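Listed here are the chains, written in short residue letters.
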Amino acid sequence: MLIISYDIKDDKLRTKFSKMLTKNGAIRLQYSVYEVNNSNRIMDNLRVLIENQFGDKFDGGDSVIIFDVNGVKLQKYGNAIHRDKDIVYF
């Protein structure tokens, strides 16, 4: 699992970045925090995509942090606890 957090001041670039994350399977946890829980190949592809499409567009005021949390115990509270439970529809 990856947690991707960003602070991008340019509105247009921030919107493109957010849409790219969603398009590539990321789930929004908070306004600028996303969770990606997929195969290692897809998560590696996402890292490359961020570097190649966005890396040179960020300036000194922007930051993107990718946390690799595989094997780390997470504690979740509030709405976050429902994300790991299967939903069954009848």
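On a predicted model such as this, the values are computed, not experimentally measured, just so you know.

Calculation rules
Every chain begins its residue count from 1, and numbering advances along the sequence as written. Reporting of local features is limited, given that this is a predicted model, to residues whose pLDDT is at least 70; pairs of side-chain atoms are given and counted only at 80 or more, and all residues count toward the totals for whole chains, interfaces and linings. Side-chain numbers come from the whole structure's heavy atoms, not from hydrogens or water. Note on geometry: axes are C-alpha line fits, over the in-contact stretch for helices, and angles between N-to-C directions span 0 to 180 degrees. Strands here mean DSSP runs of E at least two residues long; helices mean DSSP runs of H or I at least four residues long; both are numbered from the N terminus. Every angle not falling under 35 degrees, over 145, or within 65 to 115 is termed oblique; those three ranges are roughly parallel, roughly antiparallel and roughly perpendicular. Should the near helix be turned anticlockwise from the far one by less than a right angle, the crossing is termed left-handed; should it be turned clockwise, right-handed. Residues are treated as being in contact if the distance between any of their heavy atoms lies within 4.5 Å. Note on residue categories: nonpolar means Ala, Val, Leu, Ile, Met, Phe, Trp, Tyr, Cys or Pro, charged means Asp, Glu, Lys or Arg, and polar means any other residue, Gly included. Between any two strands, at least two bridges found by DSSP are needed for them to pair. Working definition: rings of Phe, Tyr and Trp (its six-membered ring) pair if their centres are within 6.5 Å, and the pair is stacked with planes under 30 degrees apart, edge-to-face with planes over 60 apart, and tilted otherwise. Buried means the residue's accessible area, taken with a 1.4 Å probe over protein chains only, is under 20% of the maximum for its type, while exposed means over 50%, and partly exposed covers the values in between. A ring is scored as having a charge over it whenever the NZ atom of a lysine or the CZ atom of an arginine sits within 6 Å of its centre and within 35 degrees of its normal. The salt bridge definition used is simple: a Lys or Arg side-chain nitrogen within 4 Å of an Asp or Glu carboxyl oxygen.

Here we take up the packing of helix α1 (residues 11-23) against helix α2 (residues 40-54). In a packed pair of helices, the relevant descriptors are the angle between the two axes and the axis-to-axis distance. Relative orientation of the contacting elements α1 and α2 amounts to 155°, with a least axis distance of 11 Å. Relative to α2, the element α1 is oriented roughly antiparallel. Handedness of the α1/α2 crossing: right-handed. Contacts from L13, K16, F17, M20 and L21 in α1 reach L46, L49, I50, Q53 and F54 in α2. Among the residues forming the contact of α1 with α2, the class breakdown is 8 nonpolar, 1 polar and 1 charged.

For the rest of this paragraph, the subject is the sheet that holds strand β4 (residues 63-68). Ordered in space as β2-β3-β1-β4, the 4 strands form an open sheet in which the pairing is antiparallel. At either margin of the open sheet sits one strand with a lone partner, and together these are β2 (27-30) and β4. Adjacent strand axes in the sheet meet at a mean angle of 25° when their direction is disregarded. Summarising the sheet, β2 and strand β3 (residues 33-36) pair through 3 bridges and their orientation is antiparallel. For I27, the partnering residue across the bridge sits in β3 and is E35. The strands that α1 touches are β1 (2-7), β2, β3 and β4; relative to β1, the one it contacts most, it runs at about 170°.

Taken as a whole, this structure holds 5 aromatic pairs when the rule is applied. Considering the side-chain rings of Y6 and Y34, the 6.1 Å spacing of their centres and the 20° angle between planes classify their relative orientation as stacked. Linking Y6 in strand β1 with Y34 in strand β3, this pair joins segments that are 28 residues apart in sequence. As far as the burial class goes, Y6 and Y34 line up, both buried. Looking at R28, its charged tip hangs above the ring of Y31, at a distance of 5.1 Å from the centre.

This brings us to the pattern of salt bridges. If you walk through the whole model with that rule in mind, you get 4 salt bridges. Taking the shortest distance from any N to any O, the salt bridge between R47 and D44 comes out at 2.9 Å. Highlighted residues: R47 and D44, both in helix α2, separated by 3 residues, approximately one helical turn. Judged by relative accessible area, which is 29%, R47 ranks as partly exposed. Take D44: its relative accessible area is 40%, and that puts it in the partly exposed class. Among the salt bridges present, the one from R47 reaches D68, with a minimum N-O distance of 3.3 Å. Of the two residues, R47 sits in helix α2 while D68 sits in strand β4, which places them 21 residues apart along the sequence. Salt bridges sharing common partners tie together D44, R47 and D68.

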